[in-house]
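Spelled out, the chains give:
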2 protein chains.
Amino acid sequence: MASTIRIVFFGTGGSWPSPERNVMSIGVQIDSEVLLFDCGEGTQRQMMHTNMSFMKIKRIFITHYHGDHFLGLAGLIQTMTLNERKEPLEIYGPERTIDILTKFLNIGYYSPSFKIVLYELKGNESLDFGDYVVKVMKTKHPVPSLAYAIKEKDMPRIDRNRAKALGLNSKILEKLRKNGKIEYEGKEITIDEVSNGVRVGRKIVYSGDTAPMEEMISFAANANVLIHEATVESSLEEQANQYGHSSARQAAKIAKKANVDALLLVHISPRYKDAKIIENEAKKIFPNSRVMNDFDEFIVKVKKVQSS
Amino acid sequence: MASTIRIVFFGTGGSWPSPERNVMSIGVQIDSEVLLFDCGEGTQRQMMHTNMSFMKIKRIFITHYHGDHFLGLAGLIQTMTLNERKEPLEIYGPERTIDILTKFLNIGYYSPSFKIVLYELKGNESLDFGDYVVKVMKTKHPVPSLAYAIKEKDMPRIDRNRAKALGLNSKILEKLRKNGKIEYEGKEITIDEVSNGVRVGRKIVYSGDTAPMEEMISFAANANVLIHEATVESSLEEQANQYGHSSARQAAKIAKKANVDALLLVHISPRYKDAKIIENEAKKIFPNSRVMNDFDEFIVKVKKVQSS
């Protein structure tokens, strides 16, 4: 019954691209909607090497305006235009979003064939998109920078046997779940008649660029997935922290305290040809840690149900 | 004796990137100097997959301001900055270069660590860079767009035997060639004493984006290499011409009339997964035609010497 949530990593490198990793970009697909988090240079072409279509992007969330996180936007939007996109596109980002993106998206000669709506965030928002909410938090970085948490709304859990007994198919059940009640064959049926406890909504958190911060623990609390930056190994963390970045072990400590299910590490410095050292440092503190590579896919599963 | 001129193709696709081809960018190395022609999104990372260093780029020539020809500039310059480049960088382009690039290169938060000098060209210049000249011509495209011709200066051809008899090594010969005369072991030696005819300078022409144009024939006359756009096959050329593009056979006709040595085809439309049809159409008219792929390298050899 649960809809699909999958995450595809289009770029996992930090600061500048390397032969091994492109700069940051992550796609999150919720049913047929694609959300893009950051859009470093080359993101459109990275997407073309996956089965997540750049034409299906509905919303883009930019963490901050360092080039490795947003310089792919103009090319992506130009290609959408050349491929005759008509649907509007929403782009969210921190302060100066309207100033920076208005300039950037109108550079050179071309005009988008579709409406682009820019949203400038303060860093404390909770954006309601119907089935899910995106929460926003400021991070510790030298320029205005945001972390994002996607949270599916909690929903009644359907009891398959009860639903079957009443003859309700998936389409009707989905409607019932959304509306709380329906009329079916002349009878009113309420959600309580077919539900059994709560399906806890999935939660995915993306740190963006940040020095380790206490506030990330509550922001990421009990998430299914915390995607946290881990620019360097611990021996280099002091300098990294000064530049607003984290080490692998600092990310792992946050994952542990936040009680997340999985820690996925990104924004790996181009100095690492092989990121094993990053992964191993994190695993020592939080075993379910993994360094993500470009084109990796991660399916977010629904957590075990809380019985009523 | 001849210095090395090699061409590396970082991107050979037209309009937008595809899994097969990145958007346009071509590197020309003359001795240790790297000139970059166009810089589509993702060029810096394409360069990282070759042995031509993005840190050695001395001059960049932009043909026009459609995104697939320049959107990689900001990321490239940001990465040069993060890698502590100090040498100034020259960027040449058509009208609006200063307006467009001043905005683009200052987008977001960062300032280059080195001087960037922008040159806005009218489209009829001949730029003298010492050992070589870059000539500029306007092309037929919906926005201001340029073709570039790199021409090595003609030089006296050294007669190895005479030079050896006088005991002159390569370093001294190079000086003699440049100055016309030198003092060596108390005696004046003139270039005439060791030369034998003329070493004709190599010529490389890059069309940029253009509908076929008569003026390209004289502009590219007798070139060693004509790099010409061939966006489509001949059956689609009518529409392509309207958008300021050429077909393979139109490019080949120009190569033939211009009497060039080799025709290298680029800006292949993303519709072609396999560009054999483009290459074959050109070969029928001009046998020494070749569709270039990303990362292809081409060494430009000195032509047979004209005897004196």
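Note that this is a predicted model, so its numbers are computed, not measured. (Residues numbered from 1 in each chain as written. Chains lettered and ligands numbered in written order. Predicted model: local features only at pLDDT ≥ 70, side-chain atom pairs only at ≥ 80, totals over all residues. Heavy atoms only, no water.)

(A) Just the environment of Arg162(B), in detail. Residues and elements named next belong to chain B. Structurally, Arg-162 can be placed in helix 5 (residues 160-165). Exposure remark for Arg-162: the relative accessible area of 37% places this residue in the partly exposed category. Distance in space between the C-alpha atoms of Arg-162 and Asn-293 is 43 Å, their sequence separation being 131 residues. Setting aside residues no more than four positions away along its own chain, Arg-162 makes contact with Asp-192, Glu-193, Val-194, Ser-195 and Asn-196. (Helix = DSSP H or I, 4+ residues; strand = E, 2+ residues; numbered from the N terminus. Buried < 20%, exposed > 50% of the residue type's maximum accessible area, 1.4 Å probe, protein only. Contact = heavy atoms within 4.5 Å.)

(B) Molecular detail of the packing of aromatic side chains. Evaluated as defined, the whole model comprises 23 aromatic pairs over all chains. What links up through ring pairs into an aromatic cluster is the set Phe37(A), Phe61(A), Tyr92(A), Tyr119(A), Phe129(A), Tyr132(A), Tyr148(A) and Tyr206(A). Above the ring of Tyr109(B), the side-chain terminus of Arg96(A) is found at 5.1 Å from the ring centroid. (Phe/Tyr/Trp six-rings, centres within 6.5 Å; stacked < 30°, edge-to-face > 60°. Lys NZ or Arg CZ within 6 Å of the ring centre and 35° of its normal.)

(C) Looking closely at the relation of the copies chain B and chain A. Mapping chain B onto chain A is achieved by rotating through 180° and translating by 0.0 Å along the same axis, at an RMSD of 0.0 Å. What the superposition gives is, in effect, a two-fold axis relating one chain to the other. Relative to the rotation axis, the closest C-alpha in chain B is found at Gly42(B), a distance of 2.5 Å. A share of 100% of the interface residues of chain B reappears at the interface of chain A, consistent with the copies meeting face to face through the same patch. (Least-squares fit on C-alpha atoms with pLDDT ≥ 70 in both.)

(D) The arrangement of the packing of helix 10 (residues 248-258) of chain A against helix 11 (residues 276-285) of chain A in detail. All names here are of chain A. One can describe the packing of helix 10 onto helix 11 by two numbers: an axis separation of 8 Å at closest approach and a directional angle of 30°. In the crossing of helix 10 with helix 11, the sense of the turn from one axis to the other is right-handed. Of the residues in helix 11, those touching helix 10 at Ala-248, Arg-249, Ala-252, Lys-253 and Lys-256 are Ile-278, Glu-281, Ala-282 and Ile-285. Residues of the contact of helix 10 with helix 11, tallied by class, amount to five nonpolar, no polar and four charged. (Axes fitted to C-alpha atoms, helices over the stretch in contact; angles between N-to-C directions. Left-handed = near helix turned anticlockwise from the far one by under 90°. Nonpolar A, V, L, I, M, F, W, Y, C, P; charged D, E, K, R; others polar.)

(E) Here's a closer look at the interface of chain B and chain A. Taken residue by residue, the interface counts 42 residues in chain B and 42 residues in chain A. Linking chain B to chain A there are zero salt bridges. Along the contact surface separating chain B from chain A lie twelve residue pairs in polar contact (both at pLDDT 80 or more). Going through the elements one at a time, helix 1 (43-48), helix 2 (67-70), helix 3 (73-82) and helix 4 (97-104) of chain B are the ones with two or more residues in the side of chain B that touches chain A. (Salt bridge = Lys/Arg side-chain N within 4 Å of Asp/Glu carboxyl O. Polar contact = N/O pair within 3.5 Å; in protein donor to acceptor, adjacent residues only side chain to side chain.)

(F) How the structure looks around the sheet that holds strand 15 (residues 225-229) of chain B. Residues and elements named next belong to chain B. Taken in spatial order, the seven strands of this open sheet run 7-8-9-14-15-16-17, and their pairing is mixed. The open sheet has two free edges, formed respectively by strand 7 (126-128) and strand 17 (289-291), since each of these has just one partner strand. Each neighbouring strand pair of the sheet contributes to a mean axis angle of 15°, computed without reference to strand direction. Looking at chain direction, strand 8 (residues 132-138) and strand 9 (residues 146-152) are connected through seven bridges and run antiparallel. Paired with Val-136 across the strands is Tyr-148, a residue of strand 9. Sheet strands touched by helix 10 (residues 248-258): strand 15 and strand 16 (262-266). Its angle to strand 15, the strand with the most contacts, is close to 155°. Helix-sheet contacts for helix 11 (residues 276-285) involve strand 16 and strand 17, and the interaxial angle to strand 17 is about 170°. (Pairing = 2+ DSSP bridges.)

(G) Seen up close, the domain arrangement of chain A. Here chain A is described as being made up of domain 1 (5-154 + 200-299) and domain 2 (161-197). Taking the mean C-alpha position of each, domain 1 of chain A and domain 2 of chain A sit 38 Å from one another. (Domains from an automatic or database assignment.)

(H) The arrangement of helix 6 (residues 170-179) of chain B in detail. All names here are of chain B. Buried residues of helix 6: Leu-173, Leu-176 and Arg-177, and no others. Axial view of helix 6: buried residues confined to an arc of 100°, hence all on one face. Turned more than 90 degrees from where helix 6 packs its buried face, Lys-171, Lys-175 and Lys-178 sit exposed. Those residues of helix 6 that are buried lie in contact with strand 10 (155-158), helix 5, strand 11 (181-184), strand 12 (187-190), helix 7 (191-194) and strand 13 (195-199). If you check the start of helix 6, you find a side-chain oxygen 3.2 Å away from the backbone N of Lys-171, and it comes from Asn-169. Within two residues after helix 6, Gly-180 carries a phi angle of roughly 90°, on the positive side. (Arc of directions from axis to C-beta.)

(I) Spatial organisation of the side chain of Thr63(B). Residue and element names in this part refer to chain B. Mapping Thr-63 onto the fold places it in the loop between strand 4 (57-61) and helix 2. Residue class for Thr-63 comes out buried when judged on its relative accessible area of 0%. One polar contact links Thr-63 to His-64, side chain to side chain, over a distance of 2.9 Å. Of note is the side chain of Thr-63, whose polar atom sits 3.4 Å from the side chain of His-69. Non-local contacts of Thr-63, meaning those with residues more than four positions away in its chain, are made with Asp-38, His-69, Pro-94, Pro-144, Ser-145, Leu-146, Tyr-148, Tyr-206 and Gly-208.

(J) Structural view of the pattern of salt bridges. Applying the stated criterion across every chain yields a total of 33 salt bridges over all chains. Note that Arg6(B) is salt-bridged to Glu297(B), the shortest N-O span being 3.0 Å. Pair noted here: Arg6(B) is in strand 1 (residues 5-11) and Glu297(B) is in strand 18 (residues 297-299), with a separation of 291 residues, a long-range link. Among the charged side chains, a salt-bridge network with shared partners connects Glu33(A), Arg59(A) and Glu90(A).

(K) Highlighting a negative patch on the surface. On the surface, a cluster of negative charge is contributed by Glu183(A), Glu188(A), Asp192(A) and Glu193(A). Inspection of the secondary structure assignment puts Glu193(A) in helix 7 (residues 191-194). (Patch = residues over 30% accessible without salt bridge, like charges linked within 9 Å, V, L, I, M, F, W, Y side chains within 5 Å. Areas by Shrake-Rupley, 256 points an atom, 1.4 Å probe, with all protein chains shown as cover. Lys, Arg positive; Asp, Glu negative; His and termini not counted. Charge placed at Lys NZ, Arg CZ, Asp CG, Glu CD.)

(L) Layout of the sheet that holds strand 6 (residues 116-120) of chain B. All names here are of chain B. If you trace the seven strands from one edge of the open sheet to the other, you get 6-5-4-3-2-1-18, paired in mixed fashion. Pairing within the sheet leaves two strands with one partner each, and these edge strands are strand 6 and strand 18. Within this sheet the neighbouring strands show an average axis-to-axis angle of 20°, counted without direction. Looking at chain direction, strand 4 and strand 5 (residues 89-93) are connected through three bridges and run parallel.

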